[in-house]
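What follows is the residue order along each chain.
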Amino acid sequence: MADGRSGPHPGDRADLNHGTKVAMLVGAGALGAREEVLATAETLASPIIKTLPGKAAVPDDHPLTTGGLGLLGTKPSEAAVHECDTLLMVGTNFPYTAHLPEPGQARTVQIDNDPVRAGNRMPTEVPLVGDAAETLRALLPLLEGKTDRGFLEQAQEAMAAWREDMEALESPDRAPIQPQYLMAVVDRLAGDDAILTCDSGTIATWAARHWRIRGDRRFYLSGNLATMACGLPYAIAAQWALPGRQCIAFVGDGGLAMLMAELDTAVRYDLPITVVVDNNASLGQIEWEQVVLGYPEYGVRYDRSIDFAQVARACGAFGVRVEKAGDLEAAVRAALDHPGPALVDCVVNPHEPPLPGKIEFKQAKGFAEAFLRGQPDKLATARTLIKDQVDKLRG
Ligand SMILES: Cc1ncc(C[n+]2csc(CCOP(=O)(O)OP(=O)(O)O)c2C)c(N)n1
């Protein structure tokens, strides 16, 4: 409403106040509106669903959020979006329309400071043009508190189960090391104001689900272009801009191989970033995309991986390679405590699939077809999947 062209009017109240199952979808535009987003969700008894660039909008352990949406998101977010009768979008241009409400399912109120985005992804009944925090502050006194909180409570129950499932996947009792365990260790040892930057690839799935926003933590990845290799330069930029903050890059071996000379930049400028390499010796994301389309993997796996710890040391940084789960915690701690640039190269299980929150029939069919057509390492993948299920049941 910064330009005064649009503001709350009786229609807005009708939509948000009449809805019985309201969900909020918040994006990067809501990063500066934590308090307002939480207050609105509390009033509307609405689960808060976060896009990946909007991950830091509210803490991941907050009872009002169901986490991310889409391939990297959570099952409860998917359910909330597909069952809501009213959607309040705040500062998001989320492009994956298959993960938005069906046509005619929900009425939409959309807050964005760019009027061009109103109705860009799905029809919007009420576009509110303005800054997220300012607009929500103006809207809040017009909202009636929901007495029926059933929709939120249902999402909260599903989310409790989802959190347990995710924790079960962070098992240290696996060899090779699970990527989820690697991310969980970094998450546990990093500070409350740490900044995590991330490459595109399966690493983004592990970061989306196992890097928990708390305190003043931030999270950056290439949300629009999904480019590889951005994690390291983003961390360098963040450390340069915010010298006192702990800056961690969570990167793939494929991505780091593209831009590893930037380790030298970090050393030259003495930037105390920590680079954590999820080294699965493959272009993992592409492997799983091939398989889900029904084709056995092709040209995405290397028979050896670069020892990035040696590369880091050659540049003058601290570098350590980890192959056993028992060595991981000490290595990550040493890297985080190191006063200059540091790198942990962790050899992880290359057979861990980045499964979507909700598996579609056609994805499962593709998976089966790729296996029938000669997917290599079938057994290792099947073993990983079975172990995941067993761990979840045990958890
Ligand atoms: C510059 C660029 N090239 C290619 C792609 C397509 N792509 C997306 S993820 C990916 C593989 C990434 O491999 P890695 O960094 O090792 O991470 P992993 O998926 O194995 O976790 C590729 C090739 C891209 N997104 N950006």
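Per-chain numbering applies: the sequence of each chain, read as written, is numbered from 1 onward. Per-residue local features are limited, in this predicted model, to residues with pLDDT of at least 70; the limit for side-chain atom pairs, both in listing and counting, is 80 or more; totals at the level of whole chains, interfaces and linings are taken over all residues. Hydrogens and water are ignored here; the side-chain numbers use all heavy atoms of the structure.

**Student:** Explanation requested: the nonpolar core in the structure shown.
**Tutor:** Among soluble globular proteins, nonpolar side chains are generally buried collectively. Residues Trp211 and Phe250 are the most contacted members of the largest nonpolar core, which totals 34 residues. Each helix is a run of H or I in the DSSP string that is no shorter than four residues. Each strand is a run of E no shorter than two, and both are numbered from the N terminus. Breaking this core down by element, the ones donating at least two residues are helix 6 (179-189), strand 7 (195-198), helix 7 (202-210), strand 8 (218-221), strand 9 (247-252), helix 13 (325-337) and strand 12 (342-347). Residue contacts are defined here by distance: any two heavy atoms, one from each residue, within 4.5 Å place the two residues in contact. Not counting chain neighbours up to four residues away, the residues in contact with Phe250 comprise Leu182, Met183, Leu196, Thr197, Cys198, Asp199, Ile203, Trp206, Ala207, Val276 and Asp278. As used here, the term nonpolar core means buried Ala, Val, Leu, Ile, Met, Phe, Trp, Tyr and Cys residues forming a set that is joined through side-chain atoms within 4.5 Å. Exposed residues in this analysis have more than 50% of their type's maximum accessible area, buried residues have under 20%, and partly exposed residues fall in between, with area computed by a 1.4 Å probe over protein chains only. Counting 27 residues, the second-largest nonpolar core is a separate cluster that includes Leu38, Ile111, Val126 and Leu143.

**Student:** Would you explain the site of the ligand in this entry?
**Tutor:** Around the ligand sit 18 residues in total, of which Thr202, Ala226, Gly254, Gly255 and Gly284 are the nearest. N or O atoms closer than or at 3.5 Å make up a polar contact, with two conditions inside protein: a donor-capable atom paired with an acceptor-capable one, and, for residues adjacent in sequence, both atoms drawn from side chains. At a separation of 2.8 Å, a nitrogen atom of the ligand approaches a polar backbone atom of Ala226. Take Gly284: an N or O atom from its main chain is 2.7 Å from an oxygen atom of the ligand. Protein coverage of the free-state accessible area of the ligand, which is 590 Å², stands at 76%. Elements that contribute at least two residues to the shell around the ligand include exactly helix 7, helix 9 (253-259) and helix 11 (284-292). Here the residues of the shell around the ligand sort into 6 nonpolar, 11 polar and 1 charged. Definition of nearness: a residue and a molecule or strand are near each other if at least one heavy atom of the residue lies within 4 Å of the molecule or strand. Per-residue and other accessible areas were derived by the Shrake-Rupley procedure at a 1.4 Å probe size, with only the shown protein chains allowed to occlude residues. Note on residue classes: Ala, Val, Leu, Ile, Met, Phe, Trp, Tyr, Cys and Pro are nonpolar, Asp, Glu, Lys and Arg are charged, and everything else, Gly too, is polar.

**Student:** What should I look at first to understand the packing of aromatic side chains in this one?
**Tutor:** How two aromatic rings sit relative to each other is set out by the distance from centre to centre and by the angle between their planes. Ring geometry is summarised as follows: Phe, Tyr and Trp rings, the Trp one being its six-membered ring, pair when their centres sit within 6.5 Å, and such pairs are stacked at plane angles under 30 degrees, edge-to-face over 60 and tilted between the two. Following the criterion strictly, the structure yields 2 aromatic pairs and no others. Between Phe94 and Tyr96, the aromatic rings sit 5.5 Å apart at their centres with planes inclined by 75°, giving edge-to-face as the arrangement. Their ring planes at 90° and their centres at 5.6 Å tell us that Trp240 and Tyr269 sit as a pair that is edge-to-face. With Trp240 in helix 8 (residues 231-241) and Tyr269 in the loop between helix 10 (262-268) and strand 10 (274-279), this pair connects stretches of sequence that are 29 residues apart.

**Student:** How should I be thinking about the side chain of Glu78 in this particular structure?
**Tutor:** Mapping Glu78 onto the fold places it in helix 3 (residues 75-83). Residue contacts for Glu78: discarding those within four places in its chain leaves Leu69, Gly70, His99 and Lys358.

**Student:** In this structure, what is going on with the sheet that holds strand 11 (residues 318-322)? I would like to understand it.
**Tutor:** To summarise the sheet geometry, strands pair through backbone hydrogen bonds and adopt either a parallel or an antiparallel arrangement. Pairing between two strands is assigned when DSSP locates at least 2 bridges connecting them. Reading across from one edge, 8-7-9-10-12-11 is the order of the 6 strands in this open sheet, with parallel pairing throughout. Single-partner strands in this sheet number two, and they are strand 8 and strand 11. Mean inter-strand twist for the sheet, computed between neighbouring axes without regard to direction, equals 15°. Looking at chain direction, strand 7 and strand 8 are connected through 4 bridges and run parallel. Paired with Leu196 across the strands is Phe219, a residue of strand 8. Helix 7 rests against strand 7, strand 8, strand 9 and strand 10 of the sheet, and its axis sits at about 135° to strand 9. Helix 13 rests against strand 9, strand 10, strand 11 and strand 12 of the sheet, and its axis sits at about 165° to strand 11. Here an angle of 0 to 180 degrees is reported between the N-to-C directions of two axes, which are lines fitted to C-alpha atoms, with helices fitted over the stretch in contact.

**Student:** What is the right way to look at the sheet that holds strand 2 (residues 48-50) in this model?
**Tutor:** Strand order in this open sheet of 6 strands is 3-2-1-4-5-6, and the pairing throughout is parallel. Because the sheet does not close on itself, it has two edges, and the strands there are strand 3 (65-68) and strand 6 (126-129). Going across the sheet, the axis of each strand differs from the next one's by a mean of 15°, ignoring polarity. As judged from the 5 bridges shared by strand 1 (residues 22-26) and strand 4 (residues 86-90), these two strands associate in the parallel manner. Bridging from a neighbouring strand, Val22 pairs with Thr86 of strand 4. Sitting on the sheet, helix 2 (residues 34-44) touches strand 1, strand 2 and strand 4, and the angle it makes with strand 1 is about 165°.

**Student:** Any chance you could explain the side chain of Asn279 here in plain terms?
**Tutor:** Checked against the element boundaries, Asn279 lands in strand 10. Setting aside its immediate chain neighbours within four residues, Asn279 contacts Asp253, Ser305, Ile306, Phe308, Arg321, Asp345, Cys346, Val347 and Val348.

**Student:** So what exactly am I meant to see when it comes to the pattern of salt bridges here?
**Tutor:** Any two side chains of opposite charge can pair if their charged atoms end up close together. We define a salt bridge as a contact between a side-chain nitrogen of Lys or Arg and a carboxyl oxygen of Asp or Glu at a distance within 4 Å. Applying the stated criterion across every chain, the model contains 19 salt bridges. Ionic pairing is found between Asp15 and Arg107, a salt bridge with its closest N-O pair at 2.3 Å. Of this pair, Asp15 sits in helix 1 (residues 10-18) while Arg107 is found in strand 5 (residues 107-112), placing the two residues 92 residues apart along the sequence. Since its relative accessible area comes to 7%, Asp15 is described here as buried. Between Arg333 and Glu329 there is a salt bridge whose closest N-O contact spans 3.1 Å. Highlighted residues: Arg333 and Glu329, both in helix 13, separated by 4 residues, approximately one helical turn. Its relative accessible area of 41% is what places Arg333 among the partly exposed residues. In this structure Glu329 comes out as partly exposed when scored by relative accessible area, which is 26%.

**Student:** Sorry, what's going on with the pairing of strand 12 here?
**Tutor:** A regular strand places its side chains on the two faces of the sheet in alternate fashion. Counting buried residues along strand 12, 5 of its 6 residues qualify, which places the element largely inside the surrounding structure. In the sheet, strand 10 pairs with strand 12 via 6 bridges, with the strands oriented parallel. Bridging across to strand 12, Thr274 finds its partner in Ala342. As judged from the 5 bridges shared by strand 11 and strand 12, these two strands associate in the parallel manner. Bridging across to strand 12, Arg321 finds its partner in Asp345. When the strands point away from the viewer, a crossover counts as right-handed if the path from the first strand over the helix to the second runs clockwise. In the classification by handedness, the crossover that spans strand 11, the intervening helix 13 and the parallel strand 12 is right-handed.

**Student:** Mind showing me how you'd approach the packing of helix 6 against helix 13 here?
**Tutor:** Relative placement of two packed helices is described by the angle separating their axes and the distance separating the axes. In contact at an axis separation of 10 Å, helix 6 and helix 13 are set at 40° when each is read in the N-to-C sense. By the angle between their axes, helix 6 is oblique relative to helix 13. With respect to the hand of their crossing, helix 6 and helix 13 are arranged in right-handed fashion. Between helix 6 and helix 13, the residues in contact are Tyr181, Leu182, Val185, Val186, Arg188 and Leu189 and Ala325, Leu328, Glu329, Val332, Arg333 and Leu336, respectively. Residues that form the contact of helix 6 with helix 13 fall into these classes: 9 nonpolar, no polar and 3 charged. Roughly parallel means an angle under 35 degrees; roughly antiparallel means over 145; roughly perpendicular covers 65 to 115; every other angle is labelled oblique. Rotating anticlockwise by less than a right angle from the far helix to the near helix defines a left-handed crossing, while the corresponding clockwise rotation defines a right-handed one.

Worth remembering: the numbers are spatial, not functional.
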